[in-house]
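One letter stands for each residue in the lines below.
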Amino acid sequence: MTPARDLDGLALGECASRHVRTLRRDHLRVEWALPLGALERLRPLAWTCACRATVYELCSSGSKGLIRRTVQHSDGHVVHETQPMSINDAWTLWAALLDGTAR
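All values derive from a computational prediction rather than experimental measurement.

Remarks on the packing of aromatic side chains
Then, in step 1: Going through the model one piece at a time under the given rule, you end up with one aromatic pair.
Then, in step 2: Ring centres 6.0 Å apart and planes at 40° place the aromatic pair Trp32 and Tyr56 in the tilted group. Of this pair, Trp32 sits in the segment before β1 (43-47) while Tyr56 sits in strand β2 (residues 54-61), and the two are 24 residues apart along the sequence. For the pair shown, Trp32 and Tyr56 are each scored as buried.

See below:
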């Protein structure tokens with residue numbers, strides 16, 4: 001019997017974390033910037049699988065949140081973040097990143 005596959009073609013259960021879906025043509029462009037350390041005690045709430053070169057994290061600090069993007073290269077990592085926003089807006093952006101309607 002063939003194992004069930006996710007939208008990325010990976011067998012379900014191969015990875016513990018979610019994957020970002022293929023980018024849609026009419027996607028929202030997210031503004032990424034170098035981390036400013038604007039929020040203290042930032043903690044990850046959700047993240048994508050590290051099996052991909054680009055990993056996203058939904059992070060929060062109190063009632064604020066942001067998305068962190070880490071691009072993994074063989075010679076190091078490059079990290080960018082969104083501007084801090086309300087945690088509700090961060091969750092909305094997180095959902096859009098996962099379903100390919102934002103990047």
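Some remarks on the side chain of Thr70
Then, in step 1: Mapping Thr70 onto the fold places it in strand β3 (residues 64-73).
Then, in step 2: Residues within four places of Thr70 in sequence aside, it is in contact with Ala53, Thr54, Val55, Glu57, His77, Val78 and Val79.

A short note on helix α1 (residues 87-99)
Then, in step 1: Along its 13 residues, α1 runs 19 Å from first to last C-alpha, staying within 8% of the 18 Å computed at 1.5 Å per residue.
Then, in step 2: Considered for burial, the residues of α1 that qualify are Ile87, Ala90, Leu93, Trp94, Ala96, Leu97 and Leu98.
Then, in step 3: Each element contacted by the buried residues of α1 is listed here: β1, β2, β3 and β5 (85-86).
Then, in step 4: Once α1 ends, the next one or two residues include Gly100, with phi positive near 85°.

What to know about the environment of Ala53
Then, in step 1: Within the element layout of this structure, Ala53 appears in the loop between β1 and β2.
Then, in step 2: Using a relative accessible area of 46% as the deciding quantity, one classes Ala53 as partly exposed.
Then, in step 3: Residues Ala53 and Thr70, 17 residues apart in the sequence, show an inter-C-alpha distance of 8.2 Å.
Then, in step 4: Residues within four places of Ala53 in sequence aside, it is in contact with Thr70, Val71 and Gln72.

A closer look at the nonpolar core
Then, in step 1: Residues Tyr56, Ile67 and Trp94 are the most contacted members of the largest nonpolar core, which totals 16 residues.
Then, in step 2: For this core, the secondary-structure elements that each account for two or more residues are β2 and α1.
Then, in step 3: If you tally residues by element for this core, the top one is α1, at seven residues.
Then, in step 4: With residues near it in sequence (within four places) discarded, Trp94 still touches Ala46, Trp47, Thr48, Tyr56, Glu57, Leu58 and Ile67.

Cut-off values and rules
Residues numbered from 1 in each chain as written. Predicted model: local features only at pLDDT ≥ 70, side-chain atom pairs only at ≥ 80, totals over all residues. Heavy atoms only, no water. Phe/Tyr/Trp six-rings, centres within 6.5 Å; stacked < 30°, edge-to-face > 60°. Helix = DSSP H or I, 4+ residues; strand = E, 2+ residues; numbered from the N terminus. Buried < 20%, exposed > 50% of the residue type's maximum accessible area, 1.4 Å probe, protein only. Contact = heavy atoms within 4.5 Å. Expected span 1.5 Å × (residues − 1). Core = buried A, V, L, I, M, F, W, Y, C linked by side-chain atoms within 4.5 Å.

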